[in-house]
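Summary of the model geometry
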Amino acid sequence: MFVPNYSKHRGWLRFFSGIMIGVLIGWSFFIAEYGQKHDRLYSEIGKKDIIIQELQEKNAQFLNDLTLQNEENARQLIVQTVSVTILNAERYHLSQLNVYELRQQILKELQHLQGTNIETIASLTEVMESAVENKVYKLNDNQYTVKITRTYALPEFRIDVEIIDEEQRSNR
């Protein structure tokens, strides 16, 4: 096989060398532009990542605060416990056991209030009071009724009651 001598055809040598030099210059220009653009975009992405991380931390903190606040509000709006205070137990000379039994009987009437929304309890206060006041509580062959003096509808639902003997009730 015969390899032609390019020394006779110098135009072809200039043409191919021009193409090669043009390709090298174009490639180097492309690499330089691509490198600059890549560096600029890389720095912007780094800045955006920092901003995103800060915003995610703020968002997590806000969600945590919101969750705690919602739990606190939910606890404040729902009755957690029901308690009864008997104000005049000494007047009837009741022992602590009798006072405890009377308190438990009243709490049995009110146990459905635990876990109830405070707004619901506020709207049903009269019904609840009449249910407690109209019931006759029996202790040691004695019958007692109670009169509600105060109610507190907080997360702890509290009722202050006074004992009314059946004889006093019939005199009213």
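Residues numbered from 1 in each chain as written. Predicted model: local features only at pLDDT ≥ 70, side-chain atom pairs only at ≥ 80, totals over all residues. Heavy atoms only, no water.

Regarding the confidence of the model for the chain
Stated formally: Predictor confidence is given residue by residue as pLDDT, running from a minimum of 0 to a maximum of 100. Helix numbering and strand numbering both begin at the N terminus, where a helix is a DSSP run of H or I of at least 4 residues and a strand a DSSP run of E of at least 2.
Summary statistics for the chain give a mean pLDDT of 85 and a share of 90% for residues scoring 70 or more. Looking at the elements of the chain, mean pLDDT is at its lowest for helix 5 (residues 166-171), recorded as 52, and at its highest for helix 1 (residues 10-77), recorded as 90.

A few points about the sheet that holds strand 1 (residues 81-86)
Strand-to-strand pairing in sheets goes through backbone hydrogen bonds, with the strands running parallel or antiparallel. So the rule is basically this: Between any two strands, at least two bridges found by DSSP are needed for them to pair. Every angle, taken between N-to-C directions, lies between 0 and 180 degrees, and every axis is a line fitted to C-alpha atoms, over only the stretch in contact when it is a helix. Should any heavy atoms of two residues lie within 4.5 Å, those residues are considered in contact.
In spatial order, the strands read 1-4-3-2; together these four strands make up an open sheet with mixed pairing. Of all the strands in the sheet, the pair left with one neighbour each is strand 1 and strand 2 (137-139). Each strand of the sheet is rotated relative to its neighbour by a mean of 40°, with strand direction disregarded. Summarising the sheet, strand 2 and strand 3 (residues 142-153) pair through three bridges and their orientation is antiparallel. When the sheet's bridge partners are listed, Y137 is paired in strand 3 with Y144. On top of the sheet, helix 2 (residues 96-110) reaches strand 1, strand 2, strand 3 and strand 4 (156-165); it is set at about 140° to strand 1, its chief contact. Its contacts with the sheet place helix 4 (residues 125-133) against strand 2, strand 3 and strand 4, and it is angled at close to 160° to strand 3.

Some points on a nonpolar patch on the surface
Definition in use: Here the term patch refers to residues with relative accessible area over 30% and no salt bridge, with like charges joined within 9 Å and nonpolar side chains (Val, Leu, Ile, Met, Phe, Trp, Tyr) within 5 Å. For every accessible area listed, the method is Shrake-Rupley and the probe measures 1.4 Å; residues are considered covered only by the protein chains on display. The term salt bridge refers to a pairing of a side-chain nitrogen on Lys or Arg with a carboxyl oxygen on Asp or Glu at a separation within 4 Å.
Taken together, the side chains of W12, F15, F16, I19 and V23 make up a nonpolar region of the molecular surface, amounting to roughly 520 Å² of accessible area. Tracing the backbone through its elements, the reader meets W12 in helix 1.

Quick notes on helix 2
Rules: A helix is expected to span 1.5 Å multiplied by its residue count minus one. Burial classification: accessible surface area is computed with a 1.4 Å probe over protein chains only, and a residue below 20% of its type maximum counts as buried, one above 50% as exposed, and the rest as partly exposed.
Taking 1.5 Å of rise per residue, 15 residues should cover 21 Å, and helix 2 covers 21 Å from first to last C-alpha, within 8% of that figure. Among the residues of helix 2, those classed as buried are N98, V99, L102, I106, L107 and L110. Contact partners of the buried residues in helix 2: strand 1, helix 4, strand 2, strand 3 and strand 4.

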